[in-house]
Amino acid sequence: MIAACPECENKIDLPDTTRLSEVVECSDCRSELEVVSTDPALLVIAPEAEEDWGE
Ligand SMILES: [Zn+2]
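Residues numbered from 1 in each chain as written. Predicted model: local features only at pLDDT ≥ 70, side-chain atom pairs only at ≥ 80, totals over all residues.

### A look at the sheet that holds strand β5 (residues 41-45)
Here is step 1 of the chain: Taken together, three strands build an open sheet; the order of strands is β3-β4-β5 and the sheet is antiparallel. For this open sheet the edge positions go to β3 (23-25) and β5, each flanked by a neighbour on one side alone. Here the strands of the sheet are splayed against their neighbours by 45° on average, with no regard to which way each runs.
Here is step 2 of the chain: Of the strand pairs in this sheet, strand β4 (residues 32-38) and β5 are connected by five bridges, and their pairing is antiparallel. Each residue of the ladder has a partner; that of Val35, found in β5, is Leu43. (Pairing = 2+ DSSP bridges. Helix = DSSP H or I, 4+ residues; strand = E, 2+ residues; numbered from the N terminus. Axes fitted to C-alpha atoms, helices over the stretch in contact; angles between N-to-C directions.)

Read these as layout, nothing more, since geometry by itself doesn't imply function.
Structure, rendered in structure tokens:
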């Protein structure tokens, strides 16, 4: 299934095995994206796993 990156609108091809809450990386802008829906596929910017993780 195809989902759009909420950051850059890049089309991301998700495997059919993708599950809710999985985190994928946008191949274009490198944003970490969390799967919040699979039907239709919907991605949001993933929250930081660790606080103050660089940058
Ligand atoms: Zn992106």
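Alright, that's what it looks like, and here's the rest.
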